Amino acid sequence: MLAEIKGLNEECGIFGVWNHPAAANITYYGLHSLQHRGQEGAGIVSTDGEVLRGHRNLGLLADVFKHGELDGLKGTGAIGHVRYATAGGKSLGNVQPFLFHFQESSLALCHNGNLINASSLRAELEKQGAIFQTSSDTEVLAHLIKRSQTGDFIQDLKVALNRVKGGFAYMLLTEKQMIAALDPNGFRPLSIGRIGDSYVIASETCAFETVGAEFVRDVEPGELVIIDDDGLHIDTFTKEVKHSICSMEYIYFARPDSNIAGINVHSARKRSGKRLAQEAFVEADVVTGVPDSSISAAIGYAEEAGLPYELGLIKNRYVARTFIEPSQELREQGVRMKLSAVRGVVQGKRVVMIDDSIVRGTTSKRIVSLLREAGAKEVHVRIASPPLAYPCFYGIDIQTRNELIAANHSVDEICQIIGADSLTYLSEDGLVQAIGKPYPNEPYGGLCMAYFNGDYPTDLYDYEADYLASLIEQKN
C-alpha cells in the first residue's frame with residue numbers, strides 16, 4: 001500500500017560498487033532503484049584509493065544530487081544510502097553514509113536495519129568517553145570498531161559486529177576496500193552482483209537490472225564480504241546463524257522485480273493472492289488491488305477465484321509527500337490525494353479489495369469509503385498476510401502494540417471499524433507456503449513471522465522490558 005500514509009516504513013536501502021570508473025554515478029542509479037526503501041535523505045561516499053569524499057542531504061535522491069554534486073565524487077569505489085528513519089531523528093546529521101576521518105585513514109559507514117541493543121551500547125561507550133555526533137544507532141558500530149584494538153581492521157570489525165544485535169546490513173568503505181556484513185538472522189536482504197570486472201552490492205536485486213549487473217549470490221547471515229583490487233573475498237564474523245528473513249520484505253517492502261533468497265517477490269505475492277482466494281473466496285463481480293504492493297496479490301486472487309481483475313483504484317504519483325503532516329485528519333486527506341476510485345469500474349459492483357496488510361486501520365477505512373463513494377455495492381476486504389499484531393524491532397518503524405489495530409481488536413471488530421462488508425486475512429501457514437520456504441529446514445521456512453505471532457527469533461535486549469510491559473497492559 002502507500003507507505004507514507006499507512007505508517008509502515010522500512011529503514012533504508014544501501015548500494016555499493018568497486019572497481020568502476022564511474023563508481024559514484026553507478027551508485028546513484030543503483031540507489032534510484034532503491035528509493036522506495038527510504039525518501040527522507042540520501043548520500044554517497046566515494047574513494048579514489050587515497051581520499052574518501054562524500055555528499056549527503058535531506059530529501060529524495062534526485063534533489064540531493066541535482067546540482068552536479070556527483071562530479072566531485074571521484075574514484076572507482078563508492079557506497080550510498082537512502083534513508084527512512086526508524087532509529088534516530090529526521091535530521092541531516094543522521095543521513096548516511098557517515099564519514100569518519102582518523103589520523104591515518106578514513107571510514108564511510110551505512111546501515112539498513114535496527115539495532116536492538118544500541119541504547120545500552122551507547123550508554124556503555126559514553127561512559128568510556130565516546131562522543132556521539134548523531135542520534136542514529138548506526139554510529140555505534142564505528143565506535144566499537146575503533147575500540148576493538150586488535151591491530152587489524154577486519155578483526156576489529158568482526159569484534160564489533162559480534163557486539164551489535166538485531167537487524168543489520170552494513171556497508172563500509174575505506175580507501176582500499178568495500179565491505180558488507182549481514183546480521184546472523186539475515187533479516188534484511190543483501191546481494192552481490194557483477195558488472196564485468198566490477199562488483200556491486202545492493203539491498204535488492206532490482207538495482208542490478210538498473211546498472212546492468214549480473215546476480216552473483218546473496219550475502220548469507222553472519223557473512224563478511226570484502227571486495228578490494230584483488231577481487232571478492234567471503235569471510236564470516238559468526239557461525240551462530242539462523243535464517244529469519246523479514247516476511248514483510250516479500251509482502252510489502254521489496255520491489256516486485258527483486259528476488260530474495262532465490263524467490264521472486266512478485267511471484268510470492270501472486271501466490272499469496274491465490275492462497276487467499278482458496279481460504280477466503282467470496283461471491284463478487286470484480287477484484288482490485290491497492291497500488292502498488294498489493295497488485296500482484298490481487299492478480300493472483302482474481303485468477304484463482306475466476307473473477308476479473310480491474311484497476312478499481314488509481315494512484316496519483318505526482319502528489320507531494322503528505323506523511324510529514326502530524327494530524328490524522330491531514331493523513332486521511334493524504335489518502336484521497338494519493339488514491340482515486342474508478343467509478344466506471346466499481347459502480348454497482350461487488351468489489352473484492354486486496355491489500356497487503358492493515359496497520360492502524362485508518363487508511364483501509366478511507367479506501368473502503370472511497371470505493372463506496374464511487375458506487376461500489378459491496379466491498380469485501382481481503383488481506384494477503386495474517387493480522388499484524390506485534391511490533392517489529394529489526395528495522396520497521398512500529399515498536400508498540402498500541403499502534404496496531406489487530407493487537408487491540410478482533411477481525412469482526414476491524415471489519416466494522418473500516419466499514420467493509422467482510423474482512424479475511426491470509427493464514428500464517430498460507431503465507432509461509434505462498435512465499436515458498438526459502439530455507440525449509442528452519443522455523444517458518446527461514447522467515448521472521450514475529451509481527452503476526454510474537455515469536456521473535458532473537459532476544460529483544462533494550463526493548464524487552466517495554467515489550468513485556470505492553471503485553472501486560474494489553475491483558476489488563
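Parameters and conventions
- Residues numbered from 1 in each chain as written.
- Predicted model: local features only at pLDDT ≥ 70, side-chain atom pairs only at ≥ 80, totals over all residues.
- Heavy atoms only, no water.
- UniProt positions renumbered as here; feature names shortened; annotations may be inferred.
- Helix = DSSP H or I, 4+ residues; strand = E, 2+ residues; numbered from the N terminus.
- Contact = heavy atoms within 4.5 Å.
- Pairing = 2+ DSSP bridges.
- Axes fitted to C-alpha atoms, helices over the stretch in contact; angles between N-to-C directions.
- Polar contact = N/O pair within 3.5 Å; in protein donor to acceptor, adjacent residues only side chain to side chain.
- Core = buried A, V, L, I, M, F, W, Y, C linked by side-chain atoms within 4.5 Å.
- Buried < 20%, exposed > 50% of the residue type's maximum accessible area, 1.4 Å probe, protein only.
- Domains from an automatic or database assignment.
- Buried area = accessible area lost by both parts, 1.4 Å probe.
- Salt bridge = Lys/Arg side-chain N within 4 Å of Asp/Glu carboxyl O.
- Nonpolar A, V, L, I, M, F, W, Y, C, P; charged D, E, K, R; others polar.

As recorded in an unreviewed UniProt entry, the protein goes by Amidophosphoribosyltransferase and comes from Listeria fleischmannii. Under the heading Catalytic activity (unreviewed entry), UniProt records this for the protein: "5-phospho-beta-D-ribosylamine + L-glutamate + diphosphate = 5-phospho-alpha-D-ribose 1-diphosphate + L-glutamine + H2O". Quoted verbatim from the Function (unreviewed entry) field of the UniProt record, the comment on the protein reads "Catalyzes the formation of phosphoribosylamine from phosphoribosylpyrophosphate (PRPP) and glutamine."

Trainee: Describe the environment of Val-346, with residues and values.
Mentor: Along the chain, Val-346 turns up in helix α12 (residues 343-346). Once the C-alpha coordinates of Val-346 and Gly-289 are considered, the two residues, 57 residues apart in sequence, prove to be 12 Å apart. In this structure Val-346 touches Gly-312, Val-351, Leu-371, Ala-374, Gly-375, Ala-376 and Lys-377, once residues within four positions along its chain are discounted.

Trainee: Please give an account of the sheet that holds strand β21 (residues 378-383) that cites residues and values.
Mentor: Pairing within the open sheet is parallel, and its 4 strands lie in the order β17-β20-β21-β22. The open sheet has two free edges, formed respectively by β17 (286-289) and β22 (422-425), since each of these has just one partner strand. Each strand axis lies, on average, 20 degrees off the axis of its neighbour in the sheet, ignoring direction. With 4 bridges connecting them, β17 and strand β20 (residues 350-355) associate as parallel partners. When the sheet's bridge partners are listed, Gly-289 is paired in β20 with Ile-354. Each of β20, β21 and β22 is contacted by helix α9 (residues 265-279), which is oriented at about 125 degrees to β22, the strand it contacts most.

Trainee: So what's going on with the UniProt feature "binding site: Mg(2+)" (unreviewed entry) in the protein? Which residues, and what values?
Mentor: Under the UniProt annotation, "binding site: Mg(2+)" (unreviewed entry) lies at Ser-293, Asp-355 and Asp-356. Taken together, the annotated residues stretch across 64 residues yet fold into one region, lying no more than 8.0 Å apart by C-alpha. One can find Ser-293 in the loop between β17 and α10 (295-305). Side-chain polar atoms of Ser-293 contact the side chain of Asp-356, separated by 2.6 Å.

Trainee: Describe the sheet that holds strand β5 (residues 98-101), listing the residues and the values that go with them.
Mentor: The sheet built from 6 strands is open, its strands ordered β5-β6-β7-β8-β12-β13 with antiparallel pairing. With one partner strand each, in any of the chains shown, β5 and β13 (231-236) form the two edges of the open sheet. Strand-to-strand, the axes of this sheet are offset by a mean angle of 20 degrees, without reference to chain direction. With 5 bridges joining them, strand β7 (residues 166-173) and strand β8 (residues 178-182) adopt antiparallel strand pairing. Among the inter-strand pairings, Leu-173 is bridged to a residue of β8, identified as Met-178. Its contacts with the sheet place helix α6 (residues 153-161) against β6 (106-115), β7, β8, β12 (223-228) and β13, and it is angled at close to 155 degrees to β12.

Trainee: Requested: an account of the nonpolar core, with residues and values cited.
Mentor: Ranked by internal contacts, the top residues of the largest apolar core, which has 81 residues, are Met-248, Tyr-250, Tyr-301, Val-381 and Tyr-451. One finds Phe-98, Leu-141, Ile-179 and Ile-226 within the second-largest nonpolar core, a separate group that totals 28 residues.

Trainee: With reference to specific residues and values, describe α6.
Mentor: Regarding α6, the residues found buried are Ile-154, Asp-156, Leu-157, Lys-158, Ala-160 and Leu-161. In this structure, the buried residues of α6 make contact with α5 (139-148), β7, β8, β12 and β13. If you check the start of α6, you find a side-chain oxygen 3.2 Å away from the backbone N of Ile-154, and it comes from Asp-152.

Trainee: Can you lay out the domain arrangement of the protein for me, pointing to particular residues and giving the numbers?
Mentor: Looking at the assigned domains, one finds that the protein contains domain 1 (13-241) and domain 2 (265-316 + 328-474). Counting residues at the interface gives 17 residues for domain 1 and 16 residues for domain 2. Here domain 1 meets domain 2 over a buried area of about 1,200 Å², counting both sides, of which 53% is carbon and sulfur. Taken together, the connections running from domain 1 to domain 2 amount to 0 salt bridges. Run the count over domain 1 and domain 2 and you get 8 residue pairs in polar contact (both at pLDDT 80 or more). Broken down by secondary-structure element, the contributors of at least two residues to the side of domain 1 that touches domain 2 are β6, α4 (118-127) and β7. Across the side of domain 1 that touches domain 2, the residue classes break down as 5 nonpolar, 9 polar and 3 charged.

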